[in-house]
Amino acid sequence: MSSPSVNTSLTSSPQKERDSKERENPDENYDQFDDDESDLHYGSTSSGRKRLFSKELRCMMFGFGDDQNPYTESVDLLEDLVIEYITEMTHKAMETGRTGRVQVEDMVFLVRKDTRKFARVKDLLTMNEELKKARKAFDEVKYAGVS
């Protein structure tokens, strides 16, 4: 039995030219896509906003096993997803309960079926109450000592 031969002449001449140009100037290849993301600048989103969470997301990505310096494109994509999620949840919360206002109870209501998110929200709310009590106790001791 003979092994099938590979015909290397299947690649067209224009394809070879594109491949060689890509190797010479890899950045020039990005202008072939017709989407809005080609207009993005480093440090801003598609709407021109400044990147808000990139430092925190880089640290989180490293904590979850990514490289210490993850690709900027990965961080930007993740930030876009986070902002989209926050926006959607905020809009849903505004439609829930008192229309046009976002309250803690609305957010808890929206995550009630996701046990992991619900447990995390519950933990954060409990910690927030404990911190408020600790600050209040600290302030009372501080002002009692001044008198």
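Structure shown above.
Residues numbered from 1 in each chain as written. Predicted model: local features only at pLDDT ≥ 70, side-chain atom pairs only at ≥ 80, totals over all residues. Heavy atoms only, no water.

A. Structural view of the overall build of the protein chain. Check the secondary structure of the protein chain and you find 5 helices and 0 strands. Going from the N terminus to the C terminus, the protein chain shows its helices and strands as α-α-α-α-α. Taken across its 147 residues, the protein chain has 10% of its residues classed as buried. Considering only intrachain contacts with a sequence separation of at least 6, the fraction spanning at least 24 residues in the protein chain is 24%. (Helix = DSSP H or I, 4+ residues; strand = E, 2+ residues; numbered from the N terminus. Buried < 20%, exposed > 50% of the residue type's maximum accessible area, 1.4 Å probe, protein only. Contact = heavy atoms within 4.5 Å.)

B. Representation of the packing of helix 3 (residues 72–95) against helix 4 (residues 104–111) in the model. The interhelical angle for the contact between helix 3 and helix 4, taken along N-to-C directions, is 110°, at an axis separation of 9 Å. By the angle class used here, helix 3 and helix 4 are roughly perpendicular. Handedness of the crossing formed by helix 3 with helix 4: right-handed. Of the residues in helix 4, those in contact with Tyr85, Met89, Lys92 and Ala93 of helix 3 are Asp106, Met107, Leu110 and Val111. (Axes fitted to C-alpha atoms, helices over the stretch in contact; angles between N-to-C directions. Parallel < 35°, antiparallel > 145°, perpendicular 65-115°, else oblique. Left-handed = near helix turned anticlockwise from the far one by under 90°.)

C. Examining the environment of Thr90 more closely. In this fold, Thr90 is placed in helix 3. Since its relative accessible area comes to 28%, Thr90 is described here as partly exposed. When the C-alpha positions of Thr90 and Asp106 are compared, they lie 9.3 Å apart, and in sequence the two are 16 residues distant.

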